[in-house]
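Now for the letters of each chain:
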Amino acid sequence: MAEPVRVRRLSDQEGQQLLRITRRGTGSPIRLRRAMVVLASVGGNTVPAIARLVQADEDTIRQVIHWFNEMGMASLDPQWAGGRPRQISSDEEQFIVETANTRPEALGRPFIRWSIRKLADHLRVHSTRRIRIGRERLRQLLHRHQISFQQTKTWKESTDPDRDVKLARIEYVSIHFPQRVFAFDEFGPLVISPQAGAGWAPAGHPHRLPANYHKLHGVRQFHGCYSVGDDQLWGVVRRRKSAANTLAAMKSIRAARPDGAPIYIILDNLSAHKGLKIRRWAAWNKVELCFTPTYASWANPIEAQFGPLRTFVIAGSNHPNHPVLTRKLQTYLRWRNANARHPDVLAAQRRERARIRSERQRRWGQPAARAA
């Protein structure tokens, strides 16, 4: 039997960048959807489940996964072709790109970053390979190779010595015991202020919200629990992150599988997630805590589920207070779980509808009207 299509193991940089794309929900919609596909695949979701999550064709999902495995983060952006014939050879073009990606100090120049003028002068006069190119042509070439002027950022490399062991354990339980795997994490901070978003509107007349940046109602945290096998998401809004709130969430997860058999909870290394009281409770109740590696919370399957939560409840909203926001969150979760996209859940719903029809037929002696 062929192995299911799945994204390769992510690096720390890739996981953090994907997490940032899905959490912010800004920029290109195509980039956001592809990032959600990759994170969902990392979380152990099958291709049909991901297709229902992002409302796409299964072949498209497989193609995105294959592209990511081959190209990495570059696969999130569509590639366009065409234009006038090439005036600079491929070797020269590659040399220009390599020079632009090299710090000037390493090439003996007395500055720490390039400008378009300085880079063009260096290629024409000081480079080991002299290339004459205009500033506008150089700008176009860099743009085509996705090299842009950006702020310098820092990366958090995982310093966890058990990184590979933890990732392997998460992958193993997600593949072999999906019906007994759950994920937990906090989503926030939730603030009461107009939130930027997007939506359909007449051209040139976008929906507008009043400007207000004061957090007069304080901050809240959504404590979310996700069943990987059932594709069910639930949670509550709390004032803060704490060990007591984490333990309450774990008890709700344990209640979802009251048969006493072992279950697996994937969560990150926050101190409020791994206190002595939590570990003792987990040992007494046959709960294995599968911690993600340090600085690798992208490995948590629930992260892919928080993207739609922000897109359809938070972005573009102007809720008056936290109780209203909480009701909106719970209403969306009820709708989401009732319209489950996971194949196992769809099959269970079909079986339940068939059972109800059979029961009605047995009671009344006639076929019941089939639900739409």
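Calculation criteria
- Residues numbered from 1 in each chain as written.
- Predicted model: local features only at pLDDT ≥ 70, side-chain atom pairs only at ≥ 80, totals over all residues.
- Heavy atoms only, no water.
- Helix = DSSP H or I, 4+ residues; strand = E, 2+ residues; numbered from the N terminus.
- Buried < 20%, exposed > 50% of the residue type's maximum accessible area, 1.4 Å probe, protein only.
- Contact = heavy atoms within 4.5 Å.
- Core = buried A, V, L, I, M, F, W, Y, C linked by side-chain atoms within 4.5 Å.
- Salt bridge = Lys/Arg side-chain N within 4 Å of Asp/Glu carboxyl O.
- Disulfide = S-S within 2.5 Å.
- Pairing = 2+ DSSP bridges.
- pLDDT = per-residue confidence, 0-100.
- Phe/Tyr/Trp six-rings, centres within 6.5 Å; stacked < 30°, edge-to-face > 60°.
- Lys NZ or Arg CZ within 6 Å of the ring centre and 35° of its normal.
- Axes fitted to C-alpha atoms, helices over the stretch in contact; angles between N-to-C directions.

1. Comments concerning the overall build of the protein chain
Each helix and strand in the protein chain was counted, giving 13 helices and five strands. Taken along the three principal axes of its C-alpha coordinates, the protein chain extends 90 × 55 × 55 Å. Of all 372 residues assigned to the protein chain, the portion counted as buried reaches 40%. Sequence separation of 24 or more characterises 69% of the internal contacts of the protein chain that already satisfy a separation of 6 or more.

2. Structural notes on the nonpolar core
What tends to happen in soluble globular proteins is that the nonpolar side chains get buried as a cluster. Among the nonpolar cores identified, the biggest contains 52 residues, and L10, L18, V38, I61, F222, W298 and L309 are the most heavily contacted of them. Element by element, the count of residues in this core is highest for helix 2 (residues 29-42), at eight residues. Apart from the residues lying within four places of it in its own chain, the contact partners of L10 are G15, L18, V38, V42, F68, R163 and W298.

3. With respect to the pattern of salt bridges
Scanning all chains against the criterion turns up 20 salt bridges. Here K166 and D160 are joined by a salt bridge, their closest N and O atoms 2.7 Å apart. For D160, a relative accessible area of 11% puts it in the buried group. When the shortest N-O distance is used, the salt bridge between R336 and D231 registers 2.7 Å. Linking R336 in helix 12 (residues 322-338) with D231 in the loop between strand 2 (219-227) and strand 3 (232-238), this pair joins segments that are 105 residues apart in sequence. We note that R336, like D231, is buried. Within this structure, R9, D12, R163, D164 and E171 form a network of salt bridges that share partners.

4. As for the state of the cysteines
By the definition in use, this model includes zero disulfides. For the unlinked cysteine C225, the closest cysteine sulfur is that of C290, found at 15 Å. Residue C290 is classed as buried on the basis of its relative accessible area of 3%.

5. A look at the pairing of strand 2
With eight of nine residues buried, strand 2 lies mostly within the body of the structure. In sequence, strand 2 turns back onto strand 3 through a hairpin of four residues, with D231 there showing a positive phi of about 55°.

6. So, the confidence of the model for the protein chain
Mean pLDDT over the protein chain stands at 84; residues scoring 70 or higher make up 90%. Taken as a whole, residues 368-372 scores under 50 in pLDDT and shows three contacts with residues more than four places along the chain or in a different chain.

7. Quick word on the pairing of strand 4 (residues 263-267)
With respect to burial, strand 4 is a largely interior element, five of its five residues being buried. Where strand 1 (residues 181-191) and strand 4 come together, three bridges link them in parallel fashion. Within strand 4, the residue paired with V181 across the bridge is Y264. Of the strand pairs in this sheet, strand 4 and strand 5 (residues 287-291) are connected by five bridges, and their pairing is parallel. Counted as the bridge partner of L267 is F291 from strand 5.

8. A closer look at the packing of aromatic side chains
In total, this model carries eight aromatic pairs according to the counting rule given. An aromatic cluster is defined as three or more aromatic residues linked by ring pairs; in this entry it consists of Y172, F177 and Y264. A cation over an aromatic ring shows up here: K118 above the ring of F111, its NZ or CZ 5.6 Å from the ring centre.

9. Details of the sheet that holds strand 3
The strand order 3-2-1-4-5 describes an open sheet built from five strands, whose pairing is mixed. Each edge of the sheet is formed by a strand with only one pairing partner; in this case those strands are strand 3 and strand 5. Across the sheet, the mean angle separating the axes of adjacent strands is 25° when strand polarity is ignored.

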